[in-house]
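Structural features, examined
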Amino acid sequence: MSNSSSSISQFLLLPFADTRELQLLHFCLFLGMYLAALLGNGLIIITIACDHRLHTPMYFFLLNLSVIDLGCISTTVPKSMTNSLWDTRAISYTGCVAQLFFFRILISTEFCLLTVMAYDRYVAICHPLHYGTLLGSRACVHMAAAAWASGFLNAVLHTANTFSLHLCHGNALDLFFCEIPQILKLSCSDAYLREIGLIVVNCFAFGCFMYILVSYVQIFRAVLRIPSQQGWHKAFSTCLPHLAVVSLFLSTGVFAHLKPPSISSLFLDLVVALLYSVVPPAMNPLIYSMRNQELKDAMRKLIAGCF
């Protein structure tokens, strides 16, 4: 991958504030979100790894999701915090490439993993008698590995294409981390349309979305046929957290990448980026544990054993 604009040795990230006091406030807010994500996801990872009762497909995929969330927020937030603390905007060209590449791996893998988790819920509710056969330990490992491999290939494709473009409009990005839509704004029009076309025709992503949608239609049809309210509650307690995470992740991610330029604004881009890059890693542990009594009990047992 070569630098298509030899004059660019660094990019300038979006500053959250001009005054020192507001820069420190931004640092503290991001630090709080980052620590919440580290604590929540770390607790889920340790709990699932240490409690043999949670060694099931659903929790195996949840463990992978927590690892991804830790990676996502660690790829973007620390650099933004460091820039605010040291009153700078700069990120090196190589650093920007690396940040975009690893963020793409993690975001793409999360999308694939959420699709796999939808399949897990579909089999558990619609075909419970075949659950052990269809989601054995080997099958789960293969599906998780496929999700990571797909994320890697997607990241290579988009990172290589994005940084092969000729950049015509400076080096200032309108976001606090390196992301494809913001870099495309610096490119020439033909190159911009080429990458937008690549995103639009990403049939694999569309296939994942359609599979999640169809899976939940089948799940809700099956749940509505359950005669007891207790059965309804148990089914919804495992499905609603996943559906909430999928809805937030997909709606903000798709909007950020495919929204028309006519409705683009600095504030809107910032809010949307926060909603798909910072908020999910901090909120997902709360969403998944809030209605999951089994996971909450395991966490309490783990915490009690430490004191």
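Just so we're clear, the structure is a prediction, and the values are computed from it rather than from any experiment.

Topic: the pattern of salt bridges
Enumeration over the complete set of coordinates arrives at five salt bridges. One salt bridge in this structure joins Asp 51 and Arg 53, with 2.9 Å as the shortest N-O distance. The exposure class of Asp 51 is buried, given its relative accessible area of 9%. With a closest N to O distance of 2.8 Å, Arg 104 and Glu 179 form a salt bridge. Placement of the pair is Arg 104 in helix α3 (residues 93-126) and Glu 179 in the loop between α5 (137-162) and α6 (180-184), with a sequence separation of 75 residues.

Some details on α3
An α-helix turns once per 3.6 residues; consequently, residues spaced three or four apart project the same way. Taking 1.5 Å per residue as the helical rise, α3 with its 34 residues ought to reach 50 Å, and the 49 Å between its terminal C-alpha atoms agrees with that figure. With 26 of its 34 residues buried, α3 lies for the most part within the structure.

As for the environment of Glu 294
Topologically, Glu 294 is positioned in helix α12 (residues 293-306). Residue classification places Glu 294 among the partly exposed positions, given a relative accessible area of 41%. Remark: the alpha-carbon pair of Glu 294 and Arg 53, spanning 241 residues in sequence, is separated by 9.1 Å. Every residue in contact with Glu 294, bar those within four places of it in the chain, is listed here: Arg 53, Leu 54 and Tyr 59.

Considering the state of the cysteines
In total, this model carries one disulfide according to the counting rule given. The disulfide partner of Cys 96 is Cys 178, and the S-S distance across this bridge is 2.0 Å. Classification of the bridge connecting Cys 96 and Cys 178 rests on its S-S torsion, roughly -125°, and on that basis the disulfide is left-handed. On the criterion of sequence distance, the pair formed by Cys 96 in helix α3 and Cys 178 in the loop between α5 and α6 is long-range, its members being 82 residues apart. A relative accessible area of 0% places Cys 96 in the buried class. A relative accessible area of 0% means that Cys 178 is categorised as buried.

Considering the packing of aromatic side chains
All chains considered together, the criterion is met by twelve aromatic pairs. The interplanar angle of 45° and the centroid separation of 6.5 Å between the aromatic rings of Tyr 119 and Tyr 211 together place this pair among those described as tilted. Of the two residues, Tyr 119 is situated in helix α3 and Tyr 211 in helix α8 (residues 203-224); the sequence distance between them amounts to 92 residues. Feature note: the residues Phe 30, Phe 103, Phe 176, Phe 177 and Tyr 276 constitute an aromatic cluster, connected by ring pairs.

Concerning the environment of Leu 275
For Leu 275, the location among the structural elements is in helix α10 (residues 266-277). Taking the C-alpha atoms as reference points, Leu 275 and Ser 251, 24 residues apart in sequence, are found 9.5 Å from one another.

A word on a nonpolar patch on the surface
Together, Phe 206, Phe 209, Met 210, Leu 213, Val 214 and Val 217 give the surface a local cluster of nonpolar side chains, amounting to about 520 Å² of exposed area. Mapped onto the elements of the fold, Phe 206 is located in helix α8. A residue is classified by how much of its surface remains accessible, and Phe 206, at 53% relative accessible area, is exposed.

What to know about the packing of helix α11 (residues 279-290) against α12
Relative to each other, α11 and α12 sit at 110°, their axes nearing to 7 Å. As far as their axial angle goes, α12 and α11 are roughly perpendicular. Contact residues: α11 offers Tyr 288, Ser 289 and Met 290, while α12 offers Leu 295, Lys 296 and Met 299. Of the residues that constitute the contact of α11 with α12, the class distribution is four nonpolar, one polar and one charged.

The rules behind each value
- Residues numbered from 1 in each chain as written.
- Predicted model: local features only at pLDDT ≥ 70, side-chain atom pairs only at ≥ 80, totals over all residues.
- Heavy atoms only, no water.
- Salt bridge = Lys/Arg side-chain N within 4 Å of Asp/Glu carboxyl O.
- Buried < 20%, exposed > 50% of the residue type's maximum accessible area, 1.4 Å probe, protein only.
- Helix = DSSP H or I, 4+ residues; strand = E, 2+ residues; numbered from the N terminus.
- Expected span 1.5 Å × (residues − 1).
- Contact = heavy atoms within 4.5 Å.
- Disulfide = S-S within 2.5 Å.
- Phe/Tyr/Trp six-rings, centres within 6.5 Å; stacked < 30°, edge-to-face > 60°.
- Patch = residues over 30% accessible without salt bridge, like charges linked within 9 Å, V, L, I, M, F, W, Y side chains within 5 Å.
- Areas by Shrake-Rupley, 256 points an atom, 1.4 Å probe, with all protein chains shown as cover.
- Axes fitted to C-alpha atoms, helices over the stretch in contact; angles between N-to-C directions.
- Parallel < 35°, antiparallel > 145°, perpendicular 65-115°, else oblique.
- Nonpolar A, V, L, I, M, F, W, Y, C, P; charged D, E, K, R; others polar.

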